[in-house]
Amino acid sequence: MKTRILLLNGPNLNLLGGREPAVYGRTTLREIERSVQVLAEAWGWEVVCFQSNHEGMLIDRIQAATADSQLIIFNPGAYGHTSIALRDAIVAGGIPVIEVHLSNIFAREDFRRRSLIAPVAVGAIIGFGADGYRLAMEAARHYLAGKGVIA
Ligand code: DQA
C-alpha cells in the first residue's frame, strides 16, 4: 500500500502569491502543492491536496483522511487560532497531523500566538514560508519511519 498524505490548507491560503507577500511570500498554493507532489513522487508516496475556506469542509476532509491516509500536513490558517471543531476532528480521528504556518505566528499579533491545533499535532513547522511544506514532508518521513509505518 502506498503511503498517502493529505496536504490540507485552510482559509485564504488559496490567495497565496498575491496575499500580503511581505508576510507570506510570492509562492502560490499551486506551486507549493506541486513541490510537495514532486517530493512524494520521488518517495513513491501519494499526496492528496485540498484547500477550503470553510471549516466544515476541512473537518470532512480530516474525517475522510482518517480512513485512507497515514498523516495530514495542515495549515489551518486563522482557524488554527480559533477552531475547537478542527482540533476535535483531529483528536477523534487519531490521525497524526503536522501543523504548518508560513509566517512565524509567535512573532506577530497576540491573537496569532495561540494555536488550538499545536497541542494535538505531532509537531509544527512555523516561520519558514513556502519551504515549510517540504520541511513538513521530511518531518512526516521521519515520524512515519519512527512509528514503523514506513521502512
Ligand atoms: C497562517 C498564519 C495565520 O495566522 C493566518 O491567519 C493565515 C496564515 C500562516 O501560514 O502563516 O491565514 O496560517
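Going by the structure above, here's the rest.
Cut-offs used in this document
The residue numbers shown here count from 1 along each chain, following its written sequence. Owing to the predicted nature of the model, reporting of local features is limited to residues with pLDDT of at least 70; listing and counting of side-chain atom pairs is limited to 80 or more, with chain, interface and lining totals taken over all residues. Side-chain metrics rest on all non-hydrogen atoms present in the structure, leaving aside hydrogens and water. One heavy atom suffices: a residue is near a molecule or strand as soon as one of its heavy atoms comes within 4 Å of it. Here a polar contact is recorded for every N or O atom pair within 3.5 Å, except that within protein the pair must consist of a potential hydrogen donor and a potential acceptor, and residues adjacent in sequence are included only if both atoms are side-chain atoms. All accessibility values rest on the Shrake-Rupley procedure with a 1.4 Å probe; residue burial counts only the protein chains present in the view. The way it works is that DSSP assigns letters per residue, a run of H or I at least four long becomes a helix, a run of E at least two long becomes a strand, and they are numbered from the N terminus. Think of it in three bands: with a 1.4 Å probe and only protein chains considered, a residue is buried below 20% of the maximum accessible area for its type, exposed above 50%, and partly exposed in between. By the convention used here, residues are in contact when the closest approach between their heavy atoms is within 4.5 Å. Ring geometry is summarised as follows: Phe, Tyr and Trp rings, the Trp one being its six-membered ring, pair when their centres sit within 6.5 Å, and such pairs are stacked at plane angles under 30 degrees, edge-to-face over 60 and tilted between the two. In this scheme, Lys NZ or Arg CZ marks a charge over a ring once it lies within 6 Å of the ring centre and within 35 degrees of the ring normal.

So, on to the site of the ligand. Surrounding the ligand, one finds Pro11, Arg19, Tyr24, Asn75, Gly77, Ala78, His81, His101, Leu102, Ser103, Ile105 and Arg112. A distance of 2.8 Å separates an oxygen atom of the ligand from a polar atom in the side chain of Asn75. The contact in question runs from an oxygen atom of the ligand to an N or O atom on the backbone of Ala78, over 3.2 Å. Burial of the ligand by the protein chains amounts to 99% of its free accessible area of 320 Å².

For the rest of this paragraph, the subject is the environment of Leu13. Summarising the element assignment, Leu13 is placed in the loop between strand 1 (4-9) and helix 1 (21-24). Its relative accessible area of 2% is what places Leu13 among the buried residues. As for Leu13 and Arg134, which are separated by 121 residues in sequence, their C-alpha atoms are 16 Å apart. If sequence neighbours within four positions are ignored, Leu13 has contacts with Arg19, Leu29, Gln51, Asn75, Gly77 and Leu102.

To continue, consider the packing of aromatic side chains. Applying the stated rule across the entire model yields one aromatic pair. Where Trp43 meets Trp45, the ring centres are 5.0 Å apart and the plane angle is 70°; that geometry is what we call edge-to-face. For Trp45, a relative accessible area of 7% gives the class buried. Positioned above the aromatic ring of Phe50, the side-chain terminus of Arg61 is 4.1 Å from the ring centre. Its end group placed over the ring of Trp43, Arg141 keeps NZ or CZ at 4.2 Å from the ring centre.

Note that all results are geometric; they support no functional claim without further evidence.
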